Amino acid sequence: MRHFSKFAFAALLAFSGQAAFAAPQFSSKAAGTTGSDFLNLGVGARPLGMGGAFTAVAEGAEAAYWNPAGLAQVQRMSATFMRASYVEDISYIALAHRLNQSSVLAASALMTNIGDIKRTNEDGVWDNSYFSPKDAAYSLSYSYSVVDLSDKDHDVAIGISGKYISSKIVNSATAYGLDVGVMSFHFTKIPYRLGFT
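Computed from a predicted model, the values in this text were never measured in an experiment. (Residues numbered from 1 in each chain as written. Predicted model: local features only at pLDDT ≥ 70, side-chain atom pairs only at ≥ 80, totals over all residues. Heavy atoms only, no water.)

The next thing to look at is the pattern of salt bridges. Enumeration over the complete set of coordinates arrives at three salt bridges. Between Glu59 and Arg46 there is a salt bridge, with its nearest N and O atoms 3.1 Å apart. With Glu59 in the loop between helix 2 (45–49) and helix 3 (63–66) and Arg46 in helix 2, the pair connects residues that are 13 residues apart, well separated along the chain. We classify Glu59 as partly exposed; its relative accessible area is 29%. Using a relative accessible area of 43% as the deciding quantity, one classes Arg46 as partly exposed. Note that Lys163 and Asp179 form a salt bridge whose closest N and O atoms lie 3.0 Å from each other. Remark: Asp179 occurs in strand 8 (residues 172–186) and Lys163 occurs in strand 7 (residues 154–168); sequence separation between them is 16 residues. A relative accessible area of 24% means that Asp179 is categorised as partly exposed. (Salt bridge = Lys/Arg side-chain N within 4 Å of Asp/Glu carboxyl O. Helix = DSSP H or I, 4+ residues; strand = E, 2+ residues; numbered from the N terminus. Buried < 20%, exposed > 50% of the residue type's maximum accessible area, 1.4 Å probe, protein only.)

Going residue by residue along strand 2 (residues 89–98), you find Ile90, Tyr92, Ala94, Ala96 and Arg98 tucked away on one face and Asp89, Ser91, Ile93, Leu95 and His97 left uncovered on the opposite face. Alignment of strand 1 (residues 77–85) against strand 2, held across nine bridges, turns out to be antiparallel. Along strand 2, the bridge assignment pairs Arg83 with Ser91. Here strand 1 folds back onto strand 2, and the loop between the two strands holds three residues. Where strand 2 meets strand 3 (residues 103–113), ten bridges bridge the pair, whose relative direction is antiparallel. (Pairing = 2+ DSSP bridges.)

This next bit is on the side chain of Asp135. Looking at the secondary structure, you find Asp135 in strand 6 (residues 134–145). We note that Asp135 is buried and unpaired, the nearest opposite charge coming from Lys168 at a distance of 11 Å. Side-chain polar atoms of Asp135 contact the side chain of Ser167, separated by 2.5 Å. Residues in contact with Asp135, not counting those within four places in the same chain, are Phe38, Leu110, Met111, Thr112, Ser166, Ser167 and Lys168. (Lys, Arg positive; Asp, Glu negative; His and termini not counted. Polar contact = N/O pair within 3.5 Å; in protein donor to acceptor, adjacent residues only side chain to side chain. Contact = heavy atoms within 4.5 Å.)

Once that is clear, we can look at the side chain of Thr112. Residue position: Thr112 is located in strand 3. Judged by its relative accessible area of 4%, Thr112 falls in the buried class. Once residues within four sequence positions are removed from consideration, Thr112 is found in contact with Phe38, Leu41, Glu88, Asp89, Ile90, Lys134 and Asp135.

Looking at the protein as a whole, the pLDDT averages 79, with 79% of positions reaching at least 70. Ignoring residues within four places in sequence, the model shows residues 8–23, a span with pLDDT below 50, making zero contacts including any to other chains. (pLDDT = per-residue confidence, 0-100.)

If you look at the biggest cluster of nonpolar residues, it comprises 27 residues, and the most contacted ones within it are Val43, Leu71, Tyr92, Ala96 and Leu110. Within the residue set of this core, elements represented by two or more residues are helix 3, strand 2, strand 3, strand 7 and strand 8. Those residues in contact with Leu110 that sit more than four places away from it in its chain are Phe38, Leu39, Val43, Tyr65, Ile90, Ser91, Tyr92, Asp135, Ala136 and Ala137. (Core = buried A, V, L, I, M, F, W, Y, C linked by side-chain atoms within 4.5 Å.)

Here Ala72 shows up in the loop between helix 3 and strand 1. Sequence-wise, Ala72 and Val104 are 32 residues apart; in three dimensions their C-alpha atoms are separated by 6.0 Å.

A few words now on unusual backbone geometry. Here the phi dihedral of Asn128 falls at roughly 65°; this positive angle occurs in a residue that is not glycine. The residue Asn128 is located in strand 5 (residues 126–131) in this model. Residue classification places Asn128 among the exposed residues on the basis of a relative accessible area of 64%.

Below is the structure:
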């Protein structure tokens with residue numbers, strides 16, 4: 001019983017230290033320190049059903065979001081469309097097209113729209129106006145199968161995505177992003193894939 005008490009006290013002390021460390025992130029000084037959280041929502045029924053563990057198995061047009069190297073598995077053309085009503089309206093569209101034996105090009109758009117929200121002052125008084133938060137990320141992705149690193153036992157693909165990100169709550173902000181991914185396919189007795197972005 002005494003060991004359990006010491007363990008419980010140590011766990012409580014560690015947790016309170018974490019809470020004290022996190023407290024500044026919820027203060028007024030933390031306002032405006034994060035952005036584009038909509039990029040963490042995820043897209044596609046299969047990837048979301050897998051809890052987002054899709055980096056190593058990304059394929060089709062959805063790979064533009066999860067791991068651009070996975071676009072190398074597109075045979076000729078692939079398209080995906082998604083609309084979800086979460087806290088906001090989420091829409092995703094992607095189109096991938098094989099250019100030649102080793103290259104695939106894709107374009108995608110992820111958009112959110114929260115709708116109209118009443119604008120109030122600090123006292124909660126409505127000023128008879130509205131604002132409409134919206135976010136968007138437009139991507140152009142390219143995947144290349146690296147023939148020099150491939151043989152009968154494994155294949156390697158690399159991918160890159162350039163993103164234009166815009167966000168609007170009351171004021172607007174824009175940013176650019178870059179995703180790089182690698183995927184390796186191993187054809188042993190038990191085939192497996194490795195991937196990272």
